[in-house]
Structures are given as structure tokens and as C-alpha cells.
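Each chain, letter by letter, is given below.
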Amino acid sequence: MIDLHLHLDGSLSLDDFRYLAERNNVSLGDEFPKNVYVPEGCKSLEEYLTRFNLPCSLLQDEFSIAYAVHSLVNRLYKSGYIYAEIRFAPQLHTLKGMSQKDAVISACAGLREGLKDKVGFTANLILCCMRQADTDTNMETVILADEFKNNGVVAVDLAGPEKFHTGDFYTPLFDEAKARGVNIIIHAGEACGSEEVIRAVDLLHAKRIGHGVHLDLTRENIRKMTENRIYFEFCPTSNLQTTSLEDYSKVPLKEFDRVGIPVTINSDNMTVSNTDVLKEYRHLFKEFKLTKYEVQHLLQNSINAAFVNEQTKIMLRGELAKKIDNYYLKIIEQ
Ligand SMILES: [Zn+2]
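Residues numbered from 1 in each chain as written. Predicted model: local features only at pLDDT ≥ 70, side-chain atom pairs only at ≥ 80, totals over all residues. Heavy atoms only, no water.

Colleague: Sorry, what's going on with the coordination of the zinc ion here?
Modeller: When four donors bind a metal tetrahedrally, each ideal donor-metal-donor angle is 109.5 degrees, and when six bind octahedrally, the ideal angles are 90 or 180 degrees. Protein-derived coordination of the zinc ion comes from His5 (NE2), His7 (NE2), His187 (NE2) and Asp268 (OD), at a distance range of 2.1 to 2.5 Å. One way to put it: the four donor atoms around the zinc ion meet at angles of 81 to 167°, and that makes the site irregular. Read in sequence order, the donor residues for the zinc ion give the motif H-x1-H-x179-H-x80-D. (Donors = N, O, S within 2.8 Å, 3.2 Å for Na, K, Ca; no water. Tetrahedral: all angles 85-135°; square planar, octahedral: opposite > 155°, others 65-115°.)

Given below as C-alpha cells:
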């Protein structure tokens, strides 16, 4: 499997929670582990995002960040993944005095350690700017994404409450990212509508859109997305939980495919959303009766969208060809 949209803080294992809470002297609360999953009856993205406070409170020092990345890489590898891009916002890990830069150095170290001796699997990091943060803080993240380009960081993203500011507010950041040759992803068209996806592409130079399920498939929008070769990172379960979509039947998978806009399937948050990419494919199989070739096509989209060099893509295509039968069996066995 491949996950291109995977948040570190939303994907700590329960063992990670226990270990890091004890080590860092943080209380997990009486409700643990219920309080690490999406709240029951969650009504919005804003409510969903409250679940990131506890894991973030555990990741405020160099060791914990490196540990969490290493642990996630190990879990993905053991589950038969071939590639992942793990994202996090370094600015959310500075509460106890760690700098954004030290957070990135630690994540890169955890990634390097985690990837040691793993054959047929690789992973990279994405740094998130936050919609609610000030421009200086976000600019620091953009500059770090450039500085650590050769150490496992492959892109910069914009995450957080989508309704906070419209995309035009962030143009200085992403003009700078573009000038530095940093790949850009924007969370858009999740809690807001089609216009935010258009701003992400027109104003913020996005190459990939996180979610984007609310894009109106007008002739003009289709042209814009296909001409700019924009890939979409769908995270179906997360969209249901934030009430961005009503149910799996509303995931616009076939609609996007029909007009030639490539879609990838991702988990968003393995723990907060209690999912993984295999489970996402199972939901979509149930709804759309996906064939093996359709699953393979979606995974090939993920390889094409991945921020890796051509040589790595060739390796990933080889691994996918070896594993697709097994993946499909796991999907249909439910
Ligand atoms: Zn996300």
C-alpha cells in the first residue's frame, strides 16, 4: 500500500501514547484510549482537530519526535506498505522550547533510522504550515522545507482549519516556496468549497490537493486541473468524520476518474480516524465494487504523484506489480 497523506501526530499507536506519556510525564486522561479517536458524533473539521492536542503534547522534544517517526515507519513496513509520505507541522512541537529546526532534524533522524535495512519500502517527510499561524512562523517552515530537501523532506503543505483565512492570505509563503523549488501541497476543498481548490492551484502553486472532494467539475476546472497535472489526495473516512461528505457513496472517485483528474487514496490519520489505506480501499470496494485493475490504477496514481525521483518510481512500480494480487485479496476478503 501507499499513503501520501498521513499525519504523524494523528497516527501514534496506542503503545506510542503509553510509552511517550510515561517518559514525558504527561497524563493520558481517564478516557484513554477513547480520547485519541475522533469524538463520537463529530460535527466538523474544527471538532476533529481537537484530537491532535494530546498527541502533540507528547511530541515536544527531539527524542519523542524521532521515536514517533521511527515507530510509524516500522508499522507501515510491517503492514506491507511500499511507500509513504509522513507529514507534520514542526511549529506545533515548540511548546517546551524546541525549535522548528530541531523538530525537523529529529524527524529526519527518526526516518533515517526507521528506513535502515528495509527492503522494498521507502518514506519521506512533508512539513505543514498551519492556517491559524502567523506568517513569520509559517515562513520558517517553508525555509526548513527547502533546507532539508536532501534529508528526506519532499514538500511543504498548508493544514489546519480551512475556514480560518482564504487561500490568498498565504500567497507570500507559497510564492517563496515556489521560488525555492519546494513542492507544494494545500489542504483545500475539505471544509470549504470548490473556490479554495482553485485558489490553491491559481495562487498557491499547489501540485497536490489534500482532499479537494468539493471541487466542482466544470469544464474550466477540469481543464485547469488536468493542464497543471494536479493530483488529489482523497481521505474518505476522515471526510465522513468531519461531515465533509455524507457517506462513502459521495466520494467522487468515479467522477474525477471519468474526467481524467488523478485521485489517490489515503488515510489522513491512522489513529484519530481509526483507519489505514487498506481499510479505505475496503470501504471503496464495498461501495463501488472496484476491480483489481481499478485498485492498481489508483495505486499507480499514488506512485505518479509521489515526490520521488524516477528511479524510485520504477522501484515502486516493480513492488506494486509483485504485491497487487495480495493487496486485492486483502481488500475483498473484508
Ligand atoms: Zn490532512
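Colleague: Whenever I open this one, helix α5 (residues 100-115) confuses me. Can you help?
Modeller: An α-helical turn contains 3.6 residues, so any two residues separated by three or four positions project in the same direction. The terminal C-alpha atoms of α5 lie 23 Å apart, and with 16 residues this matches the ideal 22 Å at 1.5 Å per residue to within 8%. Tucked into the core, α5 has its buried residues touching α4 (62-78), β2 (83-88), β3 (122-130), α6 (135-147) and β4 (153-159). Asp117 sits one or two residues past α5 and shows a positive phi near 65°. (Helix = DSSP H or I, 4+ residues; strand = E, 2+ residues; numbered from the N terminus. Expected span 1.5 Å × (residues − 1). Contact = heavy atoms within 4.5 Å.)

Colleague: Just checking my understanding: could you explain the nonpolar core for this structure?
Modeller: When a protein is soluble and globular, its nonpolar side chains tend to lie buried together. Among the nonpolar cores identified, the biggest contains 98 residues, and Phe174, Phe232 and Tyr281 are the most heavily contacted of them. Excluding anything up to four places from it in sequence, Phe232 contacts Val197, Ile209, His211, Gly212, Leu215, Met225, Phe256, Ile261, Pro262, Val263 and Thr264. (Core = buried A, V, L, I, M, F, W, Y, C linked by side-chain atoms within 4.5 Å. Buried < 20%, exposed > 50% of the residue type's maximum accessible area, 1.4 Å probe, protein only.)

Colleague: In this structure, what is going on with the pairing of strand β6 (residues 208-211)? I would like to understand it.
Modeller: Across a regular strand the side chains alternate sides, sitting on one face of the sheet and then on the other. As paired strands, strand β5 (residues 184-188) and β6 are joined by four bridges and run parallel to one another. Within β6, the residue paired with Ala188 across the bridge is His211. Once you follow β5 into helix α8 (residues 194-202) and on to β6, the crossover reads as right-handed. The parallel pair β6 and strand β7 (residues 231-234) is bridged by helix α9 (residues 219-227), and the resulting crossover is right-handed. (Pairing = 2+ DSSP bridges. Right-handed = clockwise from strand over helix to strand, strands pointing away.)

Colleague: I'm lost on the pattern of salt bridges in this one. Help?
Modeller: Pairing is possible between side chains of opposite charge, provided their charged atoms come close. Going through the model one piece at a time under the given rule, you end up with 26 salt bridges. In this structure, Asp168 engages Arg199 in a salt bridge whose closest nitrogen and oxygen atoms are separated by 4.0 Å. Linking Asp168 in the loop between β4 and α7 (171-179) with Arg199 in helix α8, this pair joins segments that are 31 residues apart in sequence. Classification of Asp168 by relative accessible area gives partly exposed; the value is 40%. (Salt bridge = Lys/Arg side-chain N within 4 Å of Asp/Glu carboxyl O.)

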